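Coordinate analysis (summary)
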Amino acid sequence: MSKADTMSQSEGEASVLLVFAHPALERSRANLVLSKVAEEMEAITFHDLYETYPDYVIDVEAEQARLLAHDVIALQFPMYWYSTPALMKEWLDLVWLHGFAYGKGGDKLLGKRLFVACTTGGPAEAYHKRGYNRFTMEEFLRPLEQTAHLCGMTWENPFVVHGAPLKDEKGLAMKAEFYRQRLVSLTQVPKPGRKVKA
Amino acid sequence: MHAQSFLIQALVYLSAGVVSVVAAKRLGLGSVLGYLIAGLIIGPYALSLVGEQADVMKFAEFGVVILLFLIGLEVRPALLWSMRKTIFGLGGAQVLATAFAIAAAATLLGLDWRTALAVGLVLAMSSTAIVLQTLDEKGLRQGAIGRAAFGVLLLQDLSVIPLFALLPLLATHAPVVTGAVQAHGTGSLISSLPAWLQTLAVLAAVATVIGVGRFAVRPMFRFIAQARLREIFTASALLIVVGVAALMQMVGLSAALGAFLAGVVLAESEFRRELETDIEPFRGLLLGLFFITVGAQIDVPLILTQPLLLLGVVLGLMTLKFTVMFSLAKIGGASNRVASAVGVALAQGGEFAFVLLAFTVGAGVIDPKLASLLTAAVAMSMAFTPLTVIAYERIARWLDAHVVAPAIPDPVFEEGEPDIIIAGFGRFGQIAGRMLTANGFRSTVLDSDIEQIELLRRFGRPVHYGDATRLDLLRAAGAEKARMLIVALDDQAKTSELVERARKAFPNIIILARAFDRRHAYDLLANGADAVERETFEASLALGVTALRKLGFRAHRAQRAADFFRRHDRRTFEELRPIWGQTEAYMLASRDAQDTMNKLLAADLERMKPEGADGWETSGRDEDIREEAEREGWESGA
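Nothing here was measured: the structure is a model prediction, and the numbers come from that model.

A closer look at the overall build of chain B
If you tally the helices and strands in chain B, you get 27 helices and six strands. Evaluated residue by residue, chain B yields a buried proportion of 38% over its 638 residues. Pairs at least 24 residues apart make up 72% of the contacts formed inside chain B by residues separated by at least 6 positions.

Some points on the interface of chain A and chain B
Every contact between the two is made by 20 residues of chain A and, on the other side, 19 residues of chain B. Considering only residue class, the side of chain A that touches chain B consists of nine nonpolar, five polar and six charged.

Re the sheet that holds strand β1 (residues 420-423) of chain B
Residues and elements named next belong to chain B. One open sheet accounts for six strands, arranged β3-β2-β1-β4-β5-β6; its pairing is parallel. Sheet topology places β3 (463-465) and β6 (531-534) at the edges, where each strand pairs with a single neighbour. Shown here is a sheet whose adjacent strand axes are inclined to one another by a mean of 20 degrees, direction ignored. Taken together, the four bridges between strand β4 (residues 484-487) and strand β5 (residues 510-515) define a ladder with parallel strand orientation. Bridge pairing links Val-487 to Ala-513 in β5.

Description of unusual backbone geometry
Residue and element names in this part refer to chain A. Not every positive phi belongs to a glycine, and Trp-81 is a case in point at roughly 45 degrees. The exposed category is assigned to Trp-81, around which 7 C-beta atoms lie within 10 Å. In this structure, Arg-134 takes a positive phi of about 65 degrees despite not being glycine. Examined against the element boundaries, Arg-134 turns out to sit in the loop between β4 (113-119) and α6 (137-140).

Remarks on the pairing of β4 of chain A
All names here are of chain A. Most of β4 is tucked away, with seven of its seven residues classed as buried. Neither face of β4 is exposed, since Arg-113, Phe-115, Ala-117 and Thr-119 on one face and Leu-114, Val-116 and Cys-118 on the opposite face are all buried. Strand direction decides the pairing type here: strand β3 (residues 72-78) and β4, joined by seven bridges, are parallel. The residue of β4 that forms the bridge with Pro-78 is Thr-119. Between the parallel elements β3 and β4, the chain passes through helix α5 (residues 86-95) in a crossover that is right-handed. Pairing of β4 with strand β5 (residues 154-155) involves two bridges; the strand directions are parallel.

Here's the deal with the nonpolar core
For soluble globular proteins, nonpolar side chains are generally found buried alongside one another. In this structure, Val-65, Phe-69, Ala-149, Ala-259 and Val-342 of chain B are the most contacted members of the largest nonpolar core, which totals 132 residues. A per-element tally of this core places helix α3 (residues 54-74) of chain B first, with 11 residues. When residues no more than four places from it in sequence are discounted, the contact partners of Ala-259 of chain B are Val-65, Ile-66, Leu-68, Phe-69, Gly-72, Val-241, Val-244 and Ala-245 of chain B. Core analysis: the next-biggest nonpolar cluster, separate from the first, contains 41 residues, Leu-49, Tyr-179, Leu-183 and Leu-186 of chain A among them.

Some words on the packing of helix α11 (residues 230-250) of chain B against helix α13 (residues 272-297) of chain B
Residues and elements named next belong to chain B. Axis separation between α11 and α13 bottoms out at 9 Å; the angle between their running directions is 75 degrees. When the interaxial angle is binned, α11 and α13 end up roughly perpendicular. Packed against α11, whose contacting residues are Phe-233, Thr-234, Ala-237 and Leu-238, the element α13 presents Glu-274, Leu-275, Asp-278, Ile-279 and Phe-282 at the interface. Of the residues belonging to the contact of α11 with α13, the class tally is six nonpolar, one polar and two charged.

A word on the pairing of strand β1 (residues 16-20) of chain A
Residues and elements named next belong to chain A. Most of β1 sits out of view: five of its five residues are buried. Covered by surrounding structure in β1 are Val-16, Leu-18 and Phe-20 together with Leu-17 and Val-19, the residues of both alternating faces. Pairing of β1 with strand β2 (residues 44-48), which is carried by five bridges, proceeds in the parallel orientation. By the bridge assignment, Leu-17 is partnered in β2 with Thr-45.

Here we look at helix α23 (residues 518-526) of chain B
Looking at α23 of chain B, one finds that the buried residues are Arg-518, Ala-521, Tyr-522, Asp-523 and Leu-524 of chain B. Just downstream of α23 of chain B lies Gly-528 of chain B, where phi reads positive at about 115 degrees.

Definitions and limits used
Residue indices begin from 1 for each chain and proceed along its sequence in written order. Note on labels: chains are lettered from A, ligands numbered from 1, in written order. Local features are withheld for residues below a pLDDT of 70 in this predicted model, meaning they are given only at 70 or higher, and side-chain atom pairs are given and counted only at 80 or more; totals for whole chains, interfaces and linings count all residues. Secondary structure follows DSSP: runs of H or I at least 4 residues long count as helices, runs of E at least 2 residues long count as strands, and numbering of each begins at the N terminus. For the exposure call, what matters is how many other C-beta atoms sit within 10 Å of a residue's own: 20 or more marks it buried, 12 or fewer exposed, and in between partly exposed, using C-beta atoms placed from the backbone. C-beta atoms are first placed from the backbone for all residues, and any pair lying within 7 Å is then listed as a contact. Residues are sorted three ways: Asp, Glu, Lys and Arg are charged, Ala, Val, Leu, Ile, Met, Phe, Trp, Tyr, Cys and Pro are nonpolar, and all the rest, Gly among them, are polar. By this definition, two strands are paired if DSSP reports at least two bridges between them. Only the stretch in contact is used when fitting a helix axis, every axis being a line fitted to C-alpha atoms; angles between N-to-C directions are given from 0 to 180 degrees. Here the term right-handed applies to a crossover when the path leading from its first strand over the helix to its second strand runs clockwise, the strands being oriented away from the viewer. Nonpolar cores are built from buried Ala, Val, Leu, Ile, Met, Phe, Trp, Tyr and Cys residues. These are joined into a set through C-beta atoms within 7 Å. Our angle categories are set so that under 35 degrees counts as roughly parallel, over 145 as roughly antiparallel, 65 to 115 as roughly perpendicular, and the remainder as oblique.

Geometry only, nothing functional implied.
As structure tokens, then:
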């Protein structure tokens, strides 16, 4: 899907909630650059989990209200042990509740879109059947994809930056620009009936 | 002044002040008594190092004016308004009742009733300077005692104004016009005007002080502050005080009262603190001088010729003033403790008595012999005040320690068997207590602050009055079946005592205690507490987190820094526990604390490296990835 296509398909603005989790952003390079991009976009609500809940005491009601108020839920995080950082998992466990996100009466996220942006330390080559990580990113992100499915959400094509430590400033800047364009496209409402990539 | 040069005079005053005040402080007598003794020693009746006191006295009285200005700065108009009942009720009652009581006593001793009434009115005044200075040194200025005393003193200062008008009416013989009458009775510029014009002038003066204070002083100070002229700021601050004093004298009001008013007007300005710090030293020095001059006026020959009569007058005066003040405070609803403290504090004669006595002699109300006796008596009563306050404190402490019988009956515990007994429900006990209640535990609370209890009761919390160190009360509260005792008293010694006793009496109960500091914490653990919490530790740590965040740390990093520090500190606490016991035996307490602090700081530096190798530290892994990428020929941009 090219950027131009998405633009032309748009029909007005969609509200985007970008939930960001990085426990030590001061030591990060890639996520620092990417989060800055998201933070500076006016159309996006930037929500920093580790900054809001350094003590892990999540305000469930406030978080659910936040989810309800947006059309697109975007998750940005560095991949740790093939999963999200601990606080984002905690956030999912506590906020995406039965009766709210799924199950009986759990239709509050129905029809929203779920988008994942993550960074990995290992290079793209590692995320391959014969690479040292043996599985593809698509496979590693299956739990989140299934989360979207169970909640009746549309699974957006993930945005992945591999080999974060291998990138120089220029490489990171380029990735940041791609990311910005992806986020812009998320703020557009897609045409009804548009085919969604799984 | 004397023929001595100004420098020699200053030398005498200053050295007498420095030596005797330091000595008095060392002996625990307070600075006021030190100054008074210094004055007595250098005065005309002892060493006679200084001569005529009248000039110095006038200069020194300005210290009282500055004192009132500073007090005014602390009293916002709203506070003054809220004190109106104390000022006019308690204050008015004190002046009238004391005056009549003294007058009655004086009549019984054979004085003419008019003279007796004049004496009563003059002696009803107390010494603002001595009372406030003494209360300040004892740290009592702010509480119930300080408020009551201050309210009464304020009304006494107010009543000086009508007294100048009223006292001449009590004349028994033809007035003798003297300097004193000129200075105080007819000294004002407007005394020749008709009464309604005088009233108008007084109102105009008050309005001027308020108006200028409100609208002119702030821009002026702002301008001076911007110009950064430090000494001009001080000079203008003094100028305000002197100006107000002069204006008040012109219309016949008390300068001290005017200064107080000016202070109140400026209490809400942003320059309040600056004014305070700038003027404070003048207050200290001039008040010191004032006390010295009072000391120097104590007529030693008179004391020596009529020692018993004088002593009788002084003791009679102080007993009478104490009794009246104590009774009035009790009627006003004060506790025994507060009423007696206010009574003791206000039992002396005041500095206005000196002025008024001179004035009444001139007006032919009191004859000179009686006046000089009373002057000596007032000066001595002032000198006795610091001593009586010390005596009061001793007695209060003794009562605290020895009188067990509580004024309030033992509580009845009606809420059934509690899970937890909380001893002490102040700032500390409340938080833990509320949290435990919120989590469904039943608690019984004991506290010995009756005001606190009444407040909490109004919010429907079952708090009982009682000294939790009494085992029978704990037993009545259900300590035998309760699972836990939380000791949250704010008294170190009592906490230790209670922990030790409760451990022996109730072997199965879990005892948690609030510790004052590290030393106290070790002490409590050694005496049977199952766990302790140093009362300021968590709060201080939380402030540290806020500090780190304000300095630019991300929230999570600051949080973890505190988490690490807490763990590190608790480990150190455990490690130093055995060492503590050993040093305790042979080291002085201060040395001991310093030694511990050294060990703590060393441990902090060693263990708390700012960037410890904790989670998400990826530099090592990143290095591996880069090496591998080179070997395998991976592309960086993939």
